[in-house]
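# Results of the structural survey
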Amino acid sequence: MSFDLLRHEGIPASYLQQTEADLIAIIEGVKARMGSRLFLPAHHYQKDEVVQFADATGDSLQLAQVAKQMTEAEYTVFCGVHFMAETADMLTDASHTVVLPDMRAGCSMADMANDTQTERAFTILTKRFGESILPLTYVNSTAAIKAFVGRHGGATVTSSNAVQMVKWALAERDILFFLPDQHLGRNTAHALGIPLEQMAIWDPIKDELVFDGEDQDVRVILWKGHCSVHEKFTVGQIEQFRKTDPERKILVHPECSHEVVAASDLNGSTAYIIQQIEQAAPGTKWAIGTEMNLVNRLATTHPELDIVSLNPFMCPCLTMNRIDLPHLAWALEQVEAGDPVNIITVDAETTRHAVLALERMLERS
């Protein structure tokens, strides 16, 4: 395995010149020596070369909650993206240090909503609709956005509990303000009986509300954001499978567009997708619309099933794949040396409000 020096800013060149076997030996050695002082979680979308070392795998919130429970651990080296490490830092105590192996591991969806844009949007919308708006944010958002939601009485949601949380929000206020993923918000609200005609879109670039009807008809305002991976799945891909392989079930994530979700056989969170595959009858055929590393891993671990990606040309999540063996080995050796790099720290004020949003969700799901 070779590593491109130009694509690994900040990491010492020596790690990029190591063989795969040497890097594996470094990682295994640090983990063995540090024992329970170190916790290494890996998100489902991580590459197999990283997942093999994970103390736990799961979705972002699940892993952050596990990190909180690791009371003997002094360090969490989070193999995921920036917002996930932020949540782990907010949920663990001050003596616990959270490290992200590569600071370039971000999330394009989370980056589509910043605190300045969101505060400005909420001010404009409140002037227009009054005090009738309750914000919810997908956990795939920055700590600053979680804090914004917490300050304004709202909560976070996951793809697993989105139905419960959207139902709660619509019972609390007349209008739901859902960010940053328009597709999860639209699919969830529609599943609860809200017609598409009652959903508006907030464009943060133009600072305008996109809606054809009257203001009194608005029930949901969707932030104009999306997952760059899940937007690559299309109705055309589903139609092709329906034509050439009609026995194959289509299973997609609710971050896909409403049209794709409507055309699929099943849709649900990453945990739901894994559960469906684990419970599937041997010999059944599946086309899955989610991140490629997870699809490939499911296909490998379930050879009794015929599993393919809904999009045969899909690439893995590029930002999630920033975490690799050189960065992991570097981060772990720096932790063991007592000089950790890429420490993720969220300030106390942001943490207070963001944790409030997380707690409101956990109380209701």
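Reading guide: rules and limits
- Position numbers for residues count from 1 along each chain, tracking the sequence in the order it is written.
- Predicted model: local features are reported for residues with pLDDT of at least 70 only, side-chain atom pairs are reported and counted for 80 or more only, and whole-chain, interface and lining totals are derived from all residues.
- Derived side-chain values reflect all non-hydrogen atoms in the structure, with water molecules and hydrogen atoms excluded from consideration.
- UniProt positions are given in the numbering used here, feature names are shortened, and annotations may be inferred rather than shown by experiment.
- Each helix is a run of H or I in the DSSP string that is no shorter than four residues. Each strand is a run of E no shorter than two, and both are numbered from the N terminus.
- For the exposure calls, accessible area comes from a 1.4 Å probe over protein chains only, and a residue counts as buried if that area is under 20% of its type's maximum, exposed if over 50%, partly exposed in between.
- Residue contacts are defined here by distance: any two heavy atoms, one from each residue, within 4.5 Å place the two residues in contact.
- Any two strands are treated as partners once DSSP identifies two or more bridges connecting them.
- The axes are straight lines fitted to the C-alpha atoms, using for helices just the contacting stretch, and the angles between their N-to-C directions are given from 0 to 180°.
- In the analysis that follows, any N or O atom pair within 3.5 Å is treated as a polar contact, provided that within protein one partner can donate a hydrogen and the other can accept it, and provided that, for residues neighboring in sequence, both atoms belong to side chains.
- Here the angle decides the label: under 35 degrees means roughly parallel, over 145 means roughly antiparallel, 65 to 115 means roughly perpendicular, and every other value means oblique.
- Left-handed describes a crossing in which the near helix is turned anticlockwise from the far one by less than a right angle; the clockwise case is right-handed.
- In this classification, the charged set is Asp, Glu, Lys and Arg, the nonpolar set is Ala, Val, Leu, Ile, Met, Phe, Trp, Tyr, Cys and Pro, and all remaining amino acids, among them Gly, are polar.
- What the arc measures is the spread of directions leading from the helix axis to the C-beta atoms.
- Pairs were defined over the aromatic rings of Phe, Tyr and Trp, the Trp ring being its six-membered one, requiring ring centres within 6.5 Å. Orientation was assigned from the angle between planes: stacked under 30 degrees, edge-to-face over 60, tilted for the rest.

## So, the UniProt feature "binding site: iminosuccinate" (unreviewed entry) in the protein
Cross-referencing UniProt, the feature "binding site: iminosuccinate" (unreviewed entry) maps to His 43, Ser 60, Tyr 138, Val 139, Asn 140, Ser 159, His 253, Pro 254, Glu 255 and Thr 270 in the present numbering. Within the secondary structure, Tyr 138 sits in strand β6 (residues 133–138). Overall, the relative accessible area of 3% leaves Tyr 138 in the buried class. Those residues in contact with Tyr 138 that lie beyond four places of it in its chain are Met 109, Val 157, Thr 158, Ser 159, Leu 179, Pro 180, Asp 181, Leu 184, His 253 and Glu 255. Take Ser 159: it is sitting in the loop between β7 (155–157) and α8 (162–172). Judged by its relative accessible area of 19%, Ser 159 is buried. In contact with Ser 159, other than residues within four places in its own chain, are Tyr 138, Leu 184, His 253, Pro 254, Ser 269 and Thr 270.

## Here's the deal with the UniProt feature "binding site: [4Fe-4S] cluster" (unreviewed entry) in the protein
What UniProt calls "binding site: [4Fe-4S] cluster" (unreviewed entry) maps, in this numbering, to Cys 107, Cys 227 and Cys 317. Look at the named residues: they lie 211 residues apart in sequence, but the longest C-alpha span between them is just 9.6 Å, so in the fold they bunch up. Residue position: Cys 227 is located in the loop between β11 (220–223) and α10 (235–244). Judged by relative accessible area, Cys 227 falls into the buried class, the value being 12%.

## Structural notes on the side chain of Asn 161
Within the element layout of this structure, Asn 161 appears in the loop between β7 and α8. In this structure Asn 161 comes out as buried when scored by relative accessible area, which is 7%. Residue contacts for Asn 161: discarding those within four places in its chain leaves Met 361 and Ser 365.

## Points about the sheet that holds strand β12 (residues 249–252)
The strands that make up a sheet are held in pairs by hydrogen bonds between backbone atoms, and each pair lies either parallel or antiparallel. On the basis of which strands lie adjacent, the open sheet formed by four strands has the order β13-β12-β14-β15 and parallel pairing. Looking at which strands have only one partner, the edges of the open sheet turn out to be β13 (266–267) and β15 (306–309). Across the face of the sheet, α10 comes into contact with β12, β14 (285–289) and β15 while running at roughly 160° to β12. Sitting on the sheet, helix α12 (residues 270–279) touches β12, β13, β14 and β15, and the angle it makes with β12 is about 150°.

## Topic: the environment of Ser 228
Looking at the element boundaries, Ser 228 is found in the loop between β11 and α10. It is 9.6 Å that separates the C-alpha atoms of Ser 228 and Cys 256, two residues lying 28 residues apart in sequence. Of the polar contacts made by the side chain of Ser 228, one reaches the side chain of Ser 108; its length is 3.1 Å.

## Observations concerning the packing of helix α7 (residues 143–151) against helix α15 (residues 348–363)
Between α7 and α15, whose axes approach to 7 Å, the crossing angle comes to 70°. Judged by the inter-axis angle, α7 sits roughly perpendicular to α15. Handedness of the α7/α15 crossing: left-handed. Mapping the contact onto sequence places Ala 143, Ala 144, Lys 146, Ala 147, Val 149, Gly 150 and Arg 151 in α7 and Thr 350, His 353, Ala 354, Leu 356, Ala 357 and Arg 360 in α15. The class makeup of the residues in the contact of α7 with α15 is seven nonpolar, three polar and three charged.

## Remarks on α12
The periodicity of an α-helix, 3.6 residues per turn, causes residues three or four places apart in sequence to face the same way. Every buried residue of α12 is listed here: Thr 270, Ile 273, Ile 274, Gln 276 and Ile 277. Down the axis of α12, the smallest arc covering the buried residues is 160°, so these residues share one side. With respect to the buried face of α12, the exposed residues turned more than 90 degrees away are Glu 278 and Gln 279. Taken together, the buried residues of α12 touch β12, β13, β14, α13 (292–301) and β15.

## A look at the packing of aromatic side chains
In this structure the tally under the stated criterion is three aromatic pairs. With a centroid separation of 6.3 Å and an interplanar angle of 20°, the aromatic rings of Phe 122 and Phe 177 are classed as stacked. With Phe 122 in helix α6 (residues 115–129) and Phe 177 in strand β8 (residues 175–179), this pair connects stretches of sequence that are 55 residues apart. Comparing Phe 122 with Phe 177 shows no difference in burial state: the two are buried. Measuring from ring centre to ring centre gives 6.1 Å for Phe 177 and Trp 223, while their planes differ by 50°; the resulting arrangement is tilted. Placement of the pair is Phe 177 in strand β8 and Trp 223 in strand β11, with a sequence separation of 46 residues. With respect to class, Phe 177 is no different from Trp 223; both count as buried.

## Thoughts on unusual backbone geometry
Here the residue pair Leu 179 and Pro 180 is connected by a cis peptide bond, since its omega of -5° sits within 30 degrees of zero. Residue placement: Pro 180 occurs in the loop between β8 and α9 (182–191). Residue Asp 207 is not a glycine yet carries a positive backbone phi of 55°. Its location among the elements puts Asp 207 in the loop between β9 (199–203) and β10 (208–210). Taking relative accessible area as the criterion, Asp 207 reaches 26% and is therefore assigned partly exposed. Positive phi values are uncommon outside glycine, yet Asn 342 reaches one of about 55°. Checked against the element boundaries, Asn 342 lands in the loop between α14 (325–336) and α15.

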